[in-house]
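Secondary and tertiary structure notes
The primary structure of each chain is shown beneath.
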Amino acid sequence: MTNNGWFQILFFLLVVLAITKPLGSFMTRVFNREKTFLDPVMRPIEKLVYRLTGVDETKEMRWTEYAGSMLIFSGITMFVLYVLQRMQNYLPLNPQKLAGVAPDLAFNTAASFTTNTNWQAYVPETTMSYLTQMAGLAYHNFISAAVGIALAVAIVRGIARREQDTLGNFWVDMTRATFWVLMPICVLGALFLVWQGVPQNLKPYDTAQLLDPQTVQVTDASGKATTQVVKEQTIAQGPVASQEIIKELGTNGGGFFNTNSSHPFENPTPLTNFAEMFFIFAIGSALTYTLGQMVGSQRHGWAVWCAMAILFLAGIMVAYSAEARGNPLVQTAANHVQPAGNMEGKEVRFGIANSALWSVVTTDTSCGAVNSMHDSFTPLGGMIPLVNILLGEVVFGGVGSGLYGIIVFIILSVFIAGLMVGRTPEYLGKKIEAFDVKMAMLTVLIYPLFVLTYTGISLVSKFGVSSLANAGPHGLSEIFYAYAEAGANNGSGFNGLNANTMWFNTSIASTMLFGRFFMVIPVLAIAGSLVRKKHVPETSGTFPVTTPLFTGLLISVVLIVGALTFFPALSLGPILEHLLMYAGKTF
């Protein structure tokens, strides 16, 4: 570790802190239908959209209507994306003449981008046409992010309102999230990326003659191996900048290229690297300020932000130190220290500090974009992204999903605090009753149910372990990570796993769908319960949710729930691999 590395990490957190209040305050005005500087441009467009779609913007919805609208919209758009992939060979904007996507892979990808997971079990530049990238994947990058923001705002309204039945209008919230929040930032952000060297065109791929032709071995369909001399290289390009910016801002993560944000066309400079990490955290951080403003307790919003920041710093401290320390077996074999740390799977232009920082940022949220390969991290360094995902990605979190995820842990925290003093727990003037706690626990239990079940089946089945690149505890981590990120809608992965098989495509797709929709419905039910409750004045026995004590309790609940649920799997995976590494064994 270096002072320069820590300076960059702390400077990054300060910049995120600086944007939290202005962006959070702006989103409060947007979703409270207050006047903003974008209204002269966006309001006429918004009215036109409602007129064309038949939406009554004055009609509000109960939580069941809100959830139903979200499910219907997501189901229809997922089906359209599936059809677009299957039919892309008959559609325009396909200069490379790419074939239609296989059924199981198309289903997996449609589920992935609809749920804001953006898991990619394929090579994008050789699988998806420009039309699929733009009208399918980039469109879902916007819409899935807007849906997440809308859900978070609806849940906050449930906390803020008293003795009402409605949480807002799903169609209005999603539209305003798209037009007021995502699109303006993405237009400016895409221009910034183009300025830095990210391509934005519809040209066919270029070819370049190799200065040093390479001889490679290829295997034909019959299994016969032959040698082939490669004299030229295909250089993929396309509408990259417009997809890259929403990939980060919407915490989507699905890259235009297979190597994602380690590719120089997606992330060409240290400045773009910093900016893209900043965009990943921006909305999730700002939503804590929006929470504070909408519920009338700004100190509560900052208390939640501090809990997230402390968890972020704890994660980066472990990941950075583990990667900077390097691999002791490499040091022994080479008979010298590793002054640069563990550089396997990392871009030299980003180094250890920015690679470790990105891995923590992308898994603290539901983004999943990567600028280095997590599979190549040291056992403890790779464990931190996995742990971040297993904790529910509530450290700033995905756009919207991080906020409503942390609210579940807040409900559990005040419930525990109430048990400690022997009184009915309260949260911002609302009594937390049995139904609310049951829904919170249901949300917490759904995730490990699917992750651990599918992981166990894959580990004892030939169709599961046959896709592994590594044996032993690292192989367990590869499969465990795949289902963990799917259930948490992250999309990153330990890339040693070949997930483009019938089993993994279908099982991971179902995990993504359950992880998104089965977890948010109980949270909406909590909001529907809270919105009907009366306000209860604070007393001397009320547990305050604006103090360092609350922040500490919230952090403890997040860690304890994650540790109790997943510690056995972590013990058999990265922790065991770490101990065996120091015993001289690798996998």
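Residues numbered from 1 in each chain as written. Predicted model: local features only at pLDDT ≥ 70, side-chain atom pairs only at ≥ 80, totals over all residues. Heavy atoms only, no water.

1. Some words on the environment of Ile155
- Here Ile155 is to be found in helix H6 (residues 130-160).
- A residue is classified by how much of its surface remains accessible, and Ile155, at 2% relative accessible area, is buried.
- Residues Ile155 and Leu452 lie 297 residues apart in sequence; the distance between their C-alpha atoms is 28 Å.
- Contacts of Ile155, omitting those with residues within four sequence positions, involve Tyr404, Ile407, Val523, Leu524 and Ala527. (Helix = DSSP H or I, 4+ residues; strand = E, 2+ residues; numbered from the N terminus. Buried < 20%, exposed > 50% of the residue type's maximum accessible area, 1.4 Å probe, protein only. Contact = heavy atoms within 4.5 Å.)

2. A few points about the pattern of salt bridges
- Here the structure, examined in full by the defined rule, presents 16 salt bridges.
- We note a salt bridge from Glu46 to Arg43, for which the minimum N-O separation is 2.6 Å. Placement of the pair is Glu46 and Arg43 together in helix H2 (residues 39-53), with a separation of three residues, close to one helical turn.
- Judged by relative accessible area, which is 0%, Glu46 ranks as buried.
- Lys59 is the salt-bridge partner of Glu65, the closest N and O atoms lying 3.3 Å from each other.
- Because the salt bridges share partners, they merge into one network encompassing Arg33, Arg43, Glu46, Glu57 and Arg176. (Salt bridge = Lys/Arg side-chain N within 4 Å of Asp/Glu carboxyl O.)

3. A look at the nonpolar core
- Judged by nonpolar contacts, the single largest core of 170 residues is most densely connected at Ile283, Phe312 and Ile406.
- When near neighbours in sequence (up to four residues on either side) are disregarded, Phe312 contacts Phe12, Leu13, Phe281, Leu357, Val360, Val361, Asp364, Val395 and Phe396. (Core = buried A, V, L, I, M, F, W, Y, C linked by side-chain atoms within 4.5 Å.)

4. Here's the deal with the packing of helix H12 (residues 351-364) against helix H13 (residues 379-390)
- Taken N-terminus to C-terminus, the directions of H12 and H13 make an angle of 15 degrees; their axes are 8 Å apart at the nearest point. As summarised for this structure, H12 and H13 are arranged roughly parallel, according to the angle between their axes. In the packing of H12 onto H13, the handedness of the crossing is right-handed. Of the residues in H13, those touching H12 at Ser359, Val360, Thr363 and Asp364 are Ile384, Pro385, Asn388 and Ile389.
- Its residues assigned to classes, the contact of H12 with H13 comprises four nonpolar, three polar and one charged. (Axes fitted to C-alpha atoms, helices over the stretch in contact; angles between N-to-C directions. Parallel < 35°, antiparallel > 145°, perpendicular 65-115°, else oblique. Left-handed = near helix turned anticlockwise from the far one by under 90°. Nonpolar A, V, L, I, M, F, W, Y, C, P; charged D, E, K, R; others polar.)

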